[in-house]
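Breakdown of the fold
The chain contents come next:
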Amino acid sequence: MSEAKSPQSTVDISTMTAVIAPRYGTGSVLRTEVVDRPNPRPGEVLVRVRAAAVCQGDAHLLTGTPYLLRLGFGLRRPKDPIIGHDLAGEVVAVGREVTGFRRGDQVFGSVNAGAFAEYVCVAEQRLALAPTGLSIEEAAALPDSGMTALQGLRDVGRLRAGQSVLVNGASGGVGTAAIQLAKALGAEVTAVCSTRHIELLRSLGADHVIDYTTDDFTASGRRYDVLLDLIGNRSLRDSRRILTPKGVFVSSAGAPGGNWAGPVVWMGKVLLANLFVSQKIGVLLMRPQRADLEFLAGLAADGRFRPVIEKQYPLVEAASAVQHIIDGHAQGKTVLVG
């Protein structure tokens with residue numbers, strides 16, 4: 001009588017489940033497929049993804065807008081069909097030259113693409129050890145939004161303790177992170193949002209909350225040292241009017257813009273205006289780096305920063321998760337759980 005095979009012997013470790021975007025479109029084009037599992041190259045870490053957060057960048061890459069993006073990411077379809085930037089999980093293998101991680105480490109970080117899968121290879125410098133005190137879902141929700149808010153406030157805005165900052169578009173992933181980080185930096189925070197988000201933003205530490213459905217934050221007469229604009233729905237003139245004479249306007253590269261050039265024209269106006277005014281006008285372009293991930297992990301461990309998660313979906317429902325972001329007005333982050 002032949003010996004029965006163990007269940008483990010039938011597991012194919014060379015493949016994995018991944019969310020594929022075969023063409024540009026809405027969330028409905030996404031498909032869950034079995035594909036080859038990647039192997040880490042020198043300087044890379046293979047991570048078993050336990051959770052992945054959906055970012056605005058994922059929505060832009062899926063829809064292929066602005067169209068200018070397609071010059072770098074694929075003219076007719078995404079060059080990297082497995083989308084996804086932010087992740088958290090467990091190290092299962094390391095490539096040559098990797099010195100900072102070993103098998104079994106719990107990590108979080110970001111990739112250019114590929115996070116919406118069971119496994120992904122990540123450059124060592126774009127990972128950090130997962131923060132203590134956070135769930136794996138919260139760790140996955142931290143990288144993109146956390147680093148964008150941190151670099152916008154600290155590096156571009158030069159925000160210092162005792163200064164005042166206004167966050168326009170404060171209810172999303174970056175905005176909810178910015179409120180907490182600004183408070184951690186010692187600033188007085190004013191948040192702009194719609195009515196349904198007011199109590200959440202107050203609970204995160206916002207000193208003042210302005211409901212844009214009833215009040216115009218540019219007409220209050222108050223001035224701020226830093227304006228972090230995550231929406232781009234007001235003119236440069238309106239934005240500058242609420243800054244102190246030496247204030248800093250930080251414009252997110254995510255807005256505004258049409259389907260062709262997107263924010264490029266707006267960014268050009270911002271940079272040009274910076275040459276002629278006393279206030280500083282800067283464009284925010286986030287650059288992933290381990291030092292910032294470790295800084296955010298430290299704040300999370302101290303209880304001073306916790307990502308806000310609105311919705312969680314299983315990996316196989318990635319289409320619904322991404323469409324939720326495309327539809328707009330999300331509160332905090334949306335996370336996929338593998």
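Here goes a summary of the coordinates provided. (Residues numbered from 1 in each chain as written. Predicted model: local features only at pLDDT ≥ 70, side-chain atom pairs only at ≥ 80, totals over all residues. Heavy atoms only, no water.)

Re the overall build of the chain
When you go through the chain residue by residue, the secondary structure sums to ten helices and 15 strands. The C-alpha radius of gyration computed for the chain amounts to 21 Å, which stays within 12% of the reference 20 Å derived for 338 residues, consistent with globular compactness. In terms of principal-axis extent, the alpha carbons of the chain reach across some 85 × 45 × 40 Å. Every one of the 338 residues in the chain was classed for burial, and the buried ones make up 53%. The contacts of the chain with a sequence gap of at least 6 include a subset with a gap of at least 24, amounting to 67%. For the chain, the accessible area works out to roughly 15800 Å², and carbon and sulfur atoms hold 51% of it. Averaged over its 36 positive side-chain charges, the chain has a centre that lies 6 Å from the centre of its 32 negative ones. (Helix = DSSP H or I, 4+ residues; strand = E, 2+ residues; numbered from the N terminus. Rg over C-alpha atoms; globule rule 2.2 N^0.38 Å. Buried < 20%, exposed > 50% of the residue type's maximum accessible area, 1.4 Å probe, protein only. Contact = heavy atoms within 4.5 Å. Areas by Shrake-Rupley, 256 points an atom, 1.4 Å probe, with all protein chains shown as cover. Lys, Arg positive; Asp, Glu negative; His and termini not counted. Charge placed at Lys NZ, Arg CZ, Asp CG, Glu CD.)

As for the side chain of T334
By the secondary structure assignment, T334 is in strand β15 (residues 333-337). Judged by relative accessible area, T334 falls into the buried class, the value being 0%. In this structure, T334 is in contact with A52, A53, V54, K311, Y313, A321, H324 and I325, ignoring residues within four places of it in sequence.

Section: the nonpolar core
By size, the foremost hydrophobic cluster in this structure holds 49 residues, and its most contacted members are F108, L153, V165, I179, L181, L201 and L228. Here this core gets six residues from one element, more than from any other, and that element is helix α5 (residues 173-184). Of all hydrophobic cores here, the second largest spans 31 residues; its members include A59, V98, A330 and L336. (Core = buried A, V, L, I, M, F, W, Y, C linked by side-chain atoms within 4.5 Å.)

Notes on α5
Its twelve residues give α5 an end-to-end C-alpha distance of 17 Å, which sits within 8% of 16 Å, the value for a rise of 1.5 Å per residue. Along α5, ten of the twelve residues are buried, which leaves the element largely enclosed by surrounding structure. Considered for burial, the residues of α5 that qualify are G173, V174, G175, T176, A177, A178, I179, Q180, L181 and A182. Looking one or two residues past α5, G186 carries a phi angle of roughly 90°, positive in sign. (Expected span 1.5 Å × (residues − 1).)

Here we look at the packing of helix α4 (residues 143-156) against α5
Packing of α4 against α5 brings their axes to within 8 Å, and their N-to-C directions diverge by 55°. In this view, α4 runs oblique relative to α5, as classed from their interaxial angle. Here α4 runs over α5; the crossing is right-handed. In this structure, α4 uses S145, G146, T148, A149, L150 and L153 to contact α5, whose residues at the interface are G173, V174, A177, A178, L181 and A182. (Axes fitted to C-alpha atoms, helices over the stretch in contact; angles between N-to-C directions. Parallel < 35°, antiparallel > 145°, perpendicular 65-115°, else oblique. Left-handed = near helix turned anticlockwise from the far one by under 90°.)

Focus on the pairing of strand β12 (residues 243-252)
Of all ten residues making up β12, eight are buried, and the element is well covered by its neighbours. With five bridges connecting them, strand β11 (residues 224-229) and β12 associate as parallel partners. By the bridge assignment, L227 is partnered in β12 with F249. Each parallel crossover has a hand, and for β11 linked through helix α7 (residues 236-241) to β12 it is right-handed. Bridge count between β12 and strand β13 (residues 280-284): five bridges; the pairing is parallel. The partner of V248 across the bridge, within β13, is K280. (Pairing = 2+ DSSP bridges. Right-handed = clockwise from strand over helix to strand, strands pointing away.)

Some thoughts on the packing of α4 against helix α9 (residues 290-301)
Two measures define how a pair of helices packs: the angle their axes make with one another and the distance between the axes. Look at α4 against α9: their axes get within 10 Å of each other, and the N-to-C directions meet at 100°. Judged on the interaxial angle alone, α9 and α4 are roughly perpendicular. Where α4 approaches α9, its residues P143, G146, M147, L150, Q151 and R154 are matched on the opposing element by D292, L293, F295 and L296. Within the contact of α4 with α9, the residues separate by chemical class into six nonpolar, two polar and two charged. (Nonpolar A, V, L, I, M, F, W, Y, C, P; charged D, E, K, R; others polar.)

A look at the pattern of salt bridges
Across all of its chains, the model carries 15 salt bridges by this definition. The partner of D238 in a salt bridge is R234, with the nearest N and O atoms 3.3 Å apart. Here D238 makes a salt bridge to R241, at a shortest N to O gap of 3.1 Å. With D238 and R241 both in helix α7 and three residues apart, the pair spans about one turn of that helix. By relative accessible area, which is 17% here, D238 ends up buried. A relative accessible area of 40% means that R241 is categorised as partly exposed. (Salt bridge = Lys/Arg side-chain N within 4 Å of Asp/Glu carboxyl O.)

Some points on a nonpolar patch on the surface
Together, L68, L71, L75 and V264 line one region of the surface with nonpolar side chains, adding up to about 410 Å² of accessible area. Tracing the sequence through the fold places V264 in helix α8 (residues 264-273). With relative accessibility at 43%, the residue V264 sits in the partly exposed group. (Patch = residues over 30% accessible without salt bridge, like charges linked within 9 Å, V, L, I, M, F, W, Y side chains within 5 Å.)

What to know about the packing of aromatic side chains
The final tally for this structure, using the stated rule, is zero aromatic pairs. The lysine or arginine in question, R48, covers the ring of Y119, its NZ or CZ lying 5.5 Å from the ring centre. (Phe/Tyr/Trp six-rings, centres within 6.5 Å; stacked < 30°, edge-to-face > 60°. Lys NZ or Arg CZ within 6 Å of the ring centre and 35° of its normal.)

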